[in-house]
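Residue-level listing of the chains:
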Amino acid sequence: MDRNRDEGEARESAVRSLAELPKAHLHLHFTGSMRHATLLELAERDGHHLPDALVEDWPPTLSAADEKGWFRFQRLYDVARSVLRTEDDVRRLVHEAAEDDRRDGGRWLEIQVDPSGYAAKFGGITAFTDLVLDAVREASRDVGIGMAVVIAANRTRHPMDARTLARLAAQYADRGVVGFGLSNDERRGSTRDFAPAFRIAERAGLLLDPHGGELLGPESIRVCVEDLHAQRLGHGVRAAEDPDLLDLIVSRGIALEVCPVSNVALGVYTDLSSVPLPDLMAAGATIALGADDPLLFGSQLAGQYATMRAAHDLTDTQLADLARSSFQASRAPETDKQRWLGEIDEWLGRMAP
Ligand SMILES: [Zn+2]
């Protein structure tokens, strides 16, 4: 392409609002979506003592370079989860997550939850799932954003627990649950052992969406693809280290949920310009940028696009491609997708102010 035209486009890109760019959010954890102010308010209400990292030192300094670092991250997540006590707390969290995404240009949100982490307080995994799905329907209607749920198993627990969750997710397929995932420290547990759970989800027609290729490299992605039949990968960003694997992912249409701010916060990459988004884009990967856990990383949906625009000098055309790709990777209804893709064209067609 003509160099002058490239430069002209790059200049323009500094002014179109990314909060107005329609997009889908496909990597957001339940408690991780909580507003920091809400965490403080709920903790205060119940006399919960929060660690400094969640109060005056927020957002916390994290690193997952070793298991100890991950444990610290997980412990903060568990502390935050413990402030959710009532049904109204759950409804509030979902409503605010929907509002925050809507404000950031979100049109569709797939929120990820492991019901077993909330079961004890909310009457079991089925009762909690019913509550979340009801909260999602309510928030979707009130805020004006499409929403669905991905049920995720925890890889540090027994694979039998994952099968129980897969059966639960299958029961709710077509009733608000669109996918089945696998999360927590990739270095723990054997991914292969979760294949039977993923077969249950596969038979139910759910999207297969495990985390992989974040803390571990290409080999962990191969197992997700070959053994779990992953159709989308939580992170998967480290496919960039293996061109053959990246080709395979692209040829199979496996989408990547790339979470740049999370990657830097957890030490997967040293800085935002090291997140290999341009390599993934150049290979033709289907990508959806995601915030992962705004509560712990201090950055939300539009922030992912803004940081990547700044770190990699992305043009508005490239940012629009990323947003289109986020809808393509989603389980949103086809007619909605087409409408939102049209809105992206309108965004791009607008004169930069
Ligand atoms: Zn995640």
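Everything below is about the structure printed above this text.
Residues numbered from 1 in each chain as written. Predicted model: local features only at pLDDT ≥ 70, side-chain atom pairs only at ≥ 80, totals over all residues. Heavy atoms only, no water.

Caption draft 1: Region of interest: the coordination of the zinc ion. Taken together, the protein donors to the zinc ion comprise H27 (NE2), H29 (NE2), H211 (NE2) and D292 (OD), at separations of 2.1 to 2.5 Å. One can describe the site at the zinc ion as irregular: its four donor atoms subtend angles covering 81 to 174 degrees at the metal. Each donor residue of the zinc ion lies on the same chain, and together they follow the pattern H-x1-H-x181-H-x80-D. Highlighted residues: H29 in strand 1 (residues 23-29) and H211 in strand 5 (residues 207-212), separated in sequence by 182 residues. Judged by its relative accessible area of 7%, H211 is buried. (Donors = N, O, S within 2.8 Å, 3.2 Å for Na, K, Ca; no water. Tetrahedral: all angles 85-135°; square planar, octahedral: opposite > 155°, others 65-115°. Helix = DSSP H or I, 4+ residues; strand = E, 2+ residues; numbered from the N terminus. Buried < 20%, exposed > 50% of the residue type's maximum accessible area, 1.4 Å probe, protein only.)

Caption draft 2: Up close: the packing of aromatic side chains. Counted by the stated rule, this structure contains nine aromatic pairs. The interplanar angle of 10 degrees and the centroid separation of 5.8 Å between the aromatic rings of F73 and F297 together place this pair among those described as stacked. Taken as a pair, F73 in helix 3 (residues 67-81) and F297 in helix 12 (residues 294-297) lie far apart in primary sequence, 224 residues in all. Classification of F73 by relative accessible area gives buried; the value is 5%. Here the aromatic rings of Y118 and F128 are separated by 4.6 Å at their centres, their planes lie at 5 degrees, and the arrangement is stacked. Of this pair, Y118 sits in the loop between strand 2 (106-113) and helix 5 (125-143) while F128 is found in helix 5, placing the two residues 10 residues apart along the sequence. F128 matches Y118 in its accessibility class, with the two residues each being buried. Site record: aromatic cluster; members linked through ring pairs are F30, Y118, F122 and F128. (Phe/Tyr/Trp six-rings, centres within 6.5 Å; stacked < 30°, edge-to-face > 60°.)

Caption draft 3: Region of interest: the layout of surface pockets. One number sums up the size of the largest pocket: a volume of about 400 Å³. Mapped by element, the contributors of at least two residues to the lining of the largest pocket are helix 3, strand 2 and strand 3 (146-154). No other element matches helix 3, which puts six residues into the lining of the largest pocket. Across the lining of the largest pocket, the residue classes break down as eight nonpolar, nine polar and seven charged. Of the volumes computed, that of the second largest pocket is approximately 200 Å³. (1 Å grid on protein atoms, 1.4 Å probe; cavity = no way out; pocket = protein on both sides within 12 Å on 5 of 7 lines; lining within 4 Å. Points joined across faces, edges and corners; volume = space filled by probe spheres on them. Nonpolar A, V, L, I, M, F, W, Y, C, P; charged D, E, K, R; others polar.)

Caption draft 4: Just the state of the cysteines, in detail. Applying the stated rule across the entire model yields zero disulfides. Its sulfur unpaired, C224 is 14 Å from the next cysteine sulfur, which belongs to C259. On the basis of relative accessible area, C259 is assigned to the buried category, the value being 0%. (Disulfide = S-S within 2.5 Å.)

Caption draft 5: Inspection of the pattern of salt bridges at higher detail. Applying the stated rule across the entire model yields 34 salt bridges. A salt bridge links D78 to R81, with the shortest nitrogen-to-oxygen separation between them at 2.6 Å. Here D78 pairs with R81, and both are found in helix 3, just three residues apart, close to one helical turn. Residue D185 is joined to R187 by a salt bridge in which the shortest nitrogen-to-oxygen separation is 3.0 Å. A residue is classified by how much of its surface remains accessible, and D185, at 1% relative accessible area, is buried. Members of the salt-bridge network, linked through shared partners, are R35, E41, R92, E96, E99, D100, R103 and D104. (Salt bridge = Lys/Arg side-chain N within 4 Å of Asp/Glu carboxyl O.)

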